[in-house]
Amino acid sequence: MPANIIEISAILMFIISFYGLISTKNIIKSIIFIVLMEVSVVMFWLSFGFSLGQLPPILSSIGGMEYIDVVGIENIADPFPQALMITAIIIGLSITAVNTIMFITLYRKYNTIDWDVAKERSLTE
Amino acid sequence: MLELMLFLWIITACIILWEKRHVRMVLWLGLSSFVASIIFFILGSPDVAMAEAAISVFSTIFFIVCLEKYYTLRNPEQKVVSSQKNDSLVSHGLRILFAVFLFGLFMYFSPDTYFDPHLKELYIRRAATDVGGENIVGAIYLGYRVFDTLFEALVLVVAVVAVIHMSHFDETPPKDEKQSEVRKSNVALFLMRIVAPLTIVFGIYLVVNGFLTAGGGFQGGLAIAAFFICRYMVYDIYDISMSKVNKMEEMVFAAISILAVLIVFQEAQALIPYHLLPMFQNIYLIAMNGLVGLKVACGFLILFYRYIAIERS
């Protein structure tokens, strides 16, 4: 079972976006739900080993190398998921840019915002 | 505070689920990103919070340009064509059941602990001596895991190439009389004139000071790209040659690869005398942050200018 409330919220958000993705016929809405899904994955990674009031993993905010043991390792946030998630966020923005430009190309070609209509028009072409 | 923010975050997703109007959907998405950024800050990760806040600006711009194109290309007399067959209640119910089933599955199988706590302790204790700097997150993505940064930069290059090739436009922007919408509003113009110089100073500060405090190449690069957005909005200048910026981006990517290979993979640190090592590490971190910032700024500048070309065409 999940350890804390943030993990549960992230899983809930992922499922809501997944439901939106499979239930909508609107292309723009699908792209928006892909963005939301990505943010929820970031939230899930950042929630590992979380407890309220953790300090950011920056030595100047802790006070220096010699204060690590005074503060305690368990009161410092885990730096490893954060470093992974910064790259993931930038990649997510690139994905959004490519998605929206693909939508514009699709709209120029089939003149619709609906997945089913686009599918029909591409088949009858 | 945390529970309230998480509640708001989930509520925005539910509102997007029921919303029918496109512009409102995009605005709710921006709000959702902002709330997520506040939660990241509470979770003790100011770097990720800063990146998320910057991301929400860019994704909103992309969606707004996309919608504007949709509304101008749409024939006003023609009614919106949607598929005739509506979903039956059974298929709705099946989807909801599947989503609930997945939720239960995730809740049941998510374990209690994920990472070895020794890894966290190792990074926190040794990052300052192994890689240098005081920002441990920056030390990880520029030192221990520099492969991630290399491939992230590669993905950005691929995205820029894809956007350039999918937007069928010439190099020169269209010379029309159309001006940006902001020029009609004096208050927005006045505010942007004040904010724009602050943005670039803040971006350069984030890049240069990123190894000491929260910040770094990604966040600073996004702030520098935001300065160019303000510049376009206020002065309506569209004069930067895209092919030159694109070439520069590729050169910067090559420089990042060479620097990373020489210093991290070839372990150049072993050749440096011990008393010069901290200075060498700081120079490496500043150079790498600067290159990454330049790379991200160039990439998103190209993406933004492509979108402007689409909007104006």
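Residues numbered from 1 in each chain as written. Chains lettered and ligands numbered in written order. Predicted model: local features only at pLDDT ≥ 70, side-chain atom pairs only at ≥ 80, totals over all residues. Heavy atoms only, no water.

With that out of the way, let us pick up the interface of chain A and chain B. Between chain A and chain B, the contact holds 85 residues from the first and 96 residues from the second. With both chains or domains summed, chain A and chain B bury close to 8400 Å², and 78% of this area falls on carbon and sulfur atoms. On the surface where chain A and chain B come into contact, there are zero salt bridges. Linking chain A to chain B there are 11 residue pairs in polar contact (both at pLDDT 80 or more). Those elements giving two or more residues to the side of chain A that touches chain B turn out to be helix 1 (5–23), helix 2 (27–46), helix 3 (59–62), helix 4 (68–71), helix 5 (79–110) and helix 6 (115–124) of chain A. Ranked by the residues each element gives to the side of chain A that touches chain B, the list is headed by helix 5 of chain A, at 24 residues. Split into classes, the residues belonging to the side of chain A that touches chain B amount to 60 nonpolar, 15 polar and 10 charged. (Contact = heavy atoms within 4.5 Å. Buried area = accessible area lost by both parts, 1.4 Å probe. Salt bridge = Lys/Arg side-chain N within 4 Å of Asp/Glu carboxyl O. Polar contact = N/O pair within 3.5 Å; in protein donor to acceptor, adjacent residues only side chain to side chain. Helix = DSSP H or I, 4+ residues; strand = E, 2+ residues; numbered from the N terminus. Nonpolar A, V, L, I, M, F, W, Y, C, P; charged D, E, K, R; others polar.)

Let's shift gears to empty space enclosed by the protein. Summed over all chains, the structure comprises four cavities of 30 Å³ or more. There is about 80 Å³ of room inside the second largest cavity. Forming the walls of the second largest cavity are A:Trp45, A:Leu46, A:Phe48, A:Gly49, A:Phe50, A:Gln54, A:Ala77, A:Asp78, A:Pro81, A:Gln82, B:Leu43 and B:Ser45. Mapped onto the lining of the second largest cavity, the elements with two or more residues apiece are helix 2 and helix 5 of chain A. Of the residues assigned to the lining of the second largest cavity, the class counts are seven nonpolar, four polar and one charged. (1 Å grid on protein atoms, 1.4 Å probe; cavity = no way out; pocket = protein on both sides within 12 Å on 5 of 7 lines; lining within 4 Å. Points joined across faces, edges and corners; volume = space filled by probe spheres on them.)

Glancing now at the environment of A:Ile86. Structurally, A:Ile86 can be placed in helix 5. Classification of A:Ile86 as buried rests on a relative accessible area of 0%. Separated by 32 residues in the primary sequence, A:Ile86 and A:Gln54 place their C-alpha atoms 19 Å from one another. Residue contacts for A:Ile86: discarding those within four places in its chain leaves B:Asp47, B:Val48, B:Val137, B:Tyr141, B:Phe218 and B:Gln219. (Buried < 20%, exposed > 50% of the residue type's maximum accessible area, 1.4 Å probe, protein only.)

Here we come to the pattern of salt bridges. Side chains carrying opposite charge are able to pair once their charged atoms draw close together. All names here are of chain B. Taken as a whole and judged by the stated rule, the model has six salt bridges over all chains. Across the pair Glu249 and Lys295 runs a salt bridge whose closest N-O atoms are separated by 2.9 Å. Of this pair, Glu249 sits in helix 10 (residues 242–265) while Lys295 sits in helix 11 (residues 277–312), and the two are 46 residues apart along the sequence. The pair formed by Glu249 and Lys295 is uniform in burial state, with each residue classed as buried.

Quick look at the packing of aromatic side chains now. Throughout the structure, instances matching the rule amount to 15 aromatic pairs over all chains. Consider the rings of A:Tyr107 and B:Tyr70, whose centres lie 5.1 Å apart with planes at 85°: the pair is edge-to-face. In this pair, A:Tyr107 is assigned in helix 5 and B:Tyr70 in helix 3 (residues 46–73), connecting two distinct chains. We note that A:Tyr107, like B:Tyr70, is buried. Here a set of aromatic residues connected by ring pairs shows up, and it is made of A:Phe103, A:Tyr107, B:Tyr70 and B:Tyr71. (Phe/Tyr/Trp six-rings, centres within 6.5 Å; stacked < 30°, edge-to-face > 60°.)

An ideal rise of 1.5 Å per residue puts 27 Å on 19 residues; helix 1 of chain A measures up with 27 Å between its terminal C-alpha atoms. Sitting at the head of helix 1 of chain A, A:Asn4 places a side-chain oxygen 3.3 Å from the backbone nitrogen of A:Ile6. (Expected span 1.5 Å × (residues − 1).)

Across chain A, pLDDT averages 86, with 98% of residues at or above 70. Per-element confidence in chain A ranges from a low mean pLDDT of 79 for helix 4 of chain A to a high of 91 for helix 2 of chain A. (pLDDT = per-residue confidence, 0-100.)

Here the focus is the nonpolar core. By size, the foremost hydrophobic cluster in this structure holds 127 residues, and its most contacted members are A:Met43, A:Phe103, B:Trp9, B:Ile39, B:Phe40, B:Leu222 and B:Phe300. With 18 residues, the top contributor of residues to this core is helix 11 of chain B. Ignoring anything within four residues of it in the chain, the contact list for A:Phe103 reads A:Ile27, A:Ile28, A:Ile31, A:Thr112, A:Ile113, B:Cys66 and B:Tyr70. (Core = buried A, V, L, I, M, F, W, Y, C linked by side-chain atoms within 4.5 Å.)

Attention now moves to helix 1 (residues 2–18) of chain B. Counted at 1.5 Å a residue, the expected span for helix 1 of chain B with its 17 residues is 24 Å, and the 25 Å between its end C-alpha atoms agrees. For helix 1 of chain B, the set of buried residues is B:Leu2, B:Met5, B:Leu6, B:Trp9, B:Ile10, B:Thr12, B:Ala13, B:Ile16 and B:Leu17. Buried residues of helix 1 of chain B, viewed axially, fall in a sector of 150°; they line one side. What points out from helix 1 of chain B, more than 90 degrees from its buried face, is the exposed set B:Leu4, B:Phe7 and B:Trp18. Those residues of helix 1 of chain B hidden inside the fold are in contact with helix 1 and helix 2 of chain A together with helix 2 (22–42) of chain B. (Arc of directions from axis to C-beta.)

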